[in-house]
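Breakdown of the fold
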Amino acid sequence: MSYKVLDDAVRRMQIDLQIPMQIDSVLQNGTELKISREGNVYWIDFPNKPMLNSENAIEIYFQGHPKEAVRAPWDGGFSWKKDDLNLPFVATSCQGLGASVWWPNKDHMYDEAESLSISVTVPEGLINVSNGRLNNVEYFDGKAKYTYEVKNPINNYGVNINIGNYTSYQEVYQGENGPLDISYHVLKQDLEKAKQQFKQVPMMLEAFEYWFGPYPFYEDSFKLVQVPYLGMEHQSSVTYGNQFQNGYLGRDLSGTGWGLEFDFIIVHEAGHEWFANNITYKDAADMWLHESFTAYSESLYLDYHFGKKAAQEYVRGTRRYIENKGAIIGWYDVNQPSKGNDKYYKGSNVIHTLRQWIDDDKKFRMLLRGLNKEFYHSTVTTSEIEDYIAEFTKLPLEVFFNQYLRQSNVPTLEYKLEGNELHFRYADDCLDGFKMPLKIYVAEQTQWIFPEKSWKSVTLTQANDLEFDPNFYINTVQLN
Ligand SMILES: [Zn+2]
């Protein structure tokens, strides 16, 4: 592990490795360093005061039987499974739990390893697939050692190993940054099914490069790897267990039919290459930055391939999972995202609502591409993203974000009709200063209204033919 000294007053380094794994020794330039354990934390003491900004490296020797996954990927660790031919099918997953469940590292999201080398030794006949590009395979004593090199910054939980009776095939995608190497790693018996289903990978890349900009890891290639659990956004080796069918294990999450037009795991997990792996939260409280934008990527995939109506119906359809029980943002500094699904489907509907307010799809697309450029290979906070969006759109979004991300209640628009007069306001439980404009249709003519918390009025041409644009995620209540 290489490191740079940012504070020369400190002679101690924290490395995390979770019980029951253990570190045996740590060496620097051939000299063994003193280590002490405090639960899942190891303290490494350096004999001399380090030089500010100097760079050095330590070797960490570790061992143990890592925690077995209970319900991968949510309650992760190692999945020791068998495939349907009764051959070993092994995979890691560790989002939330932390990568230190199976390897020693600085287990915090704010700092990513700049690059990585992963070596895994397996019985000959089995194959290991990890992130980045396969650099070398060594055979010895009936074993094979696979070494992969990752050239881009990578978040800890993105690192993975997958072992199975794999076969693979390749293709080259001509993308925005030139030729992108794609490889598919699947169980031999599933090859034909995979070749059919994975035709959606180039379709996914085409849609997401259009909306988000170039795939962020050309140097490391793109891999889709079959695993014995549902799937996970492992960087440059996205894992797949959706049984070669469309939807989420065959189900349409939106209830509109559109969710059966794509393979949820290919689209969602690969969407995370932009929002999770390229732009990464510093703190799990901000997990919506990963999940809301990626849930919205499902709608954007439909938008690109099936049109705007499909995309709108899909994202609105997913509102049925919204709970509104708590804020989308979780708790800072304690590795705690918000509970429940709202960071997925409420979040995607908030982004969709913002898109309506912007009312310019070209600009909205440039915003998504701008985010991926501005925060390329970075770790970020919600406030940095809010500031960027406000600056880019020139819209007063402070209260909008507070209302939707830091409160649980959905804004309610109260309105009354008196003849052709429409009276309207945002209800008392909206935050002060919440004044998102709304699009309405009067006899199919588009019109904007500008509600605030005090009553306002507008004269309609035909009040008996009024419709509020359903793409804004609000409640409407007609008062008598
Ligand atoms: Zn996700």
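Quantities reported herein were computed from a predicted structural model and do not represent experimental measurements. (Residues numbered from 1 in each chain as written. Predicted model: local features only at pLDDT ≥ 70, side-chain atom pairs only at ≥ 80, totals over all residues.)

So, the domain arrangement of the chain
Note the cut-off: Where each domain begins and ends is defined by an automated method or by a domain database.
Here the chain is described as being made up of domain 1 (2-63), domain 2 (80-90 + 112-245), domain 3 (270-405) and domain 4 (412-478). Computed over C-alpha atoms, the centres of domain 1 and domain 2 are 31 Å apart.

Section: unusual backbone geometry
Spelled out, the test is: Put simply, DSSP marks the helices as runs of H or I at least four residues long and the strands as runs of E at least two long, and each gets a number from the N terminus on.
With omega at 10°, the peptide bond leading from I19 into P20 counts as cis. You can see P20 is positioned in the loop between strand 2 (12-16) and strand 3 (22-28). Cis geometry marks the peptide bond from A72 to P73; its omega dihedral reads 0°. When you line up the elements, P73 lands in the loop between strand 7 (59-63) and strand 8 (77-82).

Structural notes on the sheet that holds strand 19 (residues 237-240)
Whether parallel or antiparallel, the strands of a sheet pair through hydrogen bonds between backbone atoms. As a reminder, the rule being used: Between any two strands, at least two bridges found by DSSP are needed for them to pair. Whether two residues are in contact is decided by their C-beta atoms, placed from the backbone, lying within 7 Å. A fitted line through C-alpha atoms serves as each axis, taken over the contacting stretch for helices, and the angle formed by two N-to-C directions is quoted from 0 to 180°.
The 5 strands lie next to each other as 15-16-17-19-18, forming an open sheet whose pairing is mixed. Of all the strands in the sheet, just strand 15 (166-175) and strand 18 (231-232) have a single pairing partner and so form its edges. Strands strand 15, strand 16 (178-187) and strand 17 (222-226) of the sheet are contacted by helix 2 (residues 200-212), whose axis makes an angle of about 35° with strand 15. Contacting strand 17, strand 18 and strand 19, helix 3 (residues 264-271) crosses the sheet at an angle of about 150° to strand 19.

Observations concerning the packing of helix 2 against helix 3
Angle between the axes and distance between the axes are the two parameters that describe a pair of packed helices. Which entries qualify depends on this criterion: If an angle is under 35 degrees, it is roughly parallel; if it is over 145, roughly antiparallel; if it lies from 65 to 115, roughly perpendicular; otherwise it is oblique. It is the rotation of the near helix from the far one that decides the hand of a crossing: anticlockwise by less than a right angle makes it left-handed, clockwise makes it right-handed. Each residue gets one of three labels, nonpolar for Ala, Val, Leu, Ile, Met, Phe, Trp, Tyr, Cys and Pro, charged for Asp, Glu, Lys and Arg, and polar for the others, Gly among them.
Helix 3 packs onto helix 2 with a crossing angle of 40° between their chain directions and a minimal axis gap of 10 Å. Taken together, the axes of helix 2 and helix 3 lie oblique to each other. The element helix 2 and its partner helix 3 pack so that their crossing is right-handed. For the pair formed by helix 2 and helix 3, the contact residues are Q200, V201, M204 and F208 on the first element and I266, V267, A270 and G271 on the second. Within the contact of helix 2 with helix 3, the residues separate by chemical class into 6 nonpolar, 2 polar and no charged.

Overview of the packing of helix 2 against helix 4 (residues 288-306)
Across the interface, helix 2 lies against helix 4 with an axial gap of 9 Å and an inter-helix angle of 100°. By the angle between their directions, the pair helix 2 and helix 4 is classed as roughly perpendicular. Along the contact surface, helix 2 presents M203, M204, A207, F208, Y210 and W211, while helix 4 presents S297, L300, Y301, Y304 and H305. Residues belonging to the contact of helix 2 with helix 4 are distributed by class as follows: 9 nonpolar, 2 polar and no charged.

Considering the sheet that holds strand 12 (residues 133-140)
Strand order across the open sheet formed by 3 strands is 10-13-12, with antiparallel pairing between neighbours. Looking at the sheet topology across the chains shown, the edges are occupied by strand 10 (116-123) and strand 12. Ignoring which end each strand starts from, the neighbouring axes of this sheet average 20° apart. By the bridge criterion, 8 bridges tie strand 10 to strand 13 (residues 143-150) in an arrangement that is antiparallel. Residue pairing across strands places T121 opposite K145, the latter belonging to strand 13.

Digging into the nonpolar core
Quick note on the threshold: For our purposes the nonpolar core covers buried Ala, Val, Leu, Ile, Met, Phe, Trp, Tyr and Cys residues that link as a set through C-beta atoms within 7 Å. Remark: C-beta atoms are placed from the backbone, and a residue is labelled buried if 20 or more other C-beta atoms sit within 10 Å of its own, exposed if 12 or fewer do, or partly exposed between those counts.
Ranked by size, the top nonpolar core spans 73 residues in total, and within it M204, L224, I266 and L289 carry the most contacts. By residue number, the principal contributor to this core is helix 4, which donates 8 residues. Filtering out sequence-adjacent residues up to four positions away, L224 remains in contact with Y184, F198, V201, V238, Y240 and I266. By size, the runner-up hydrophobic cluster in this structure holds 16 residues, among which are A72, V101, W103 and V150.

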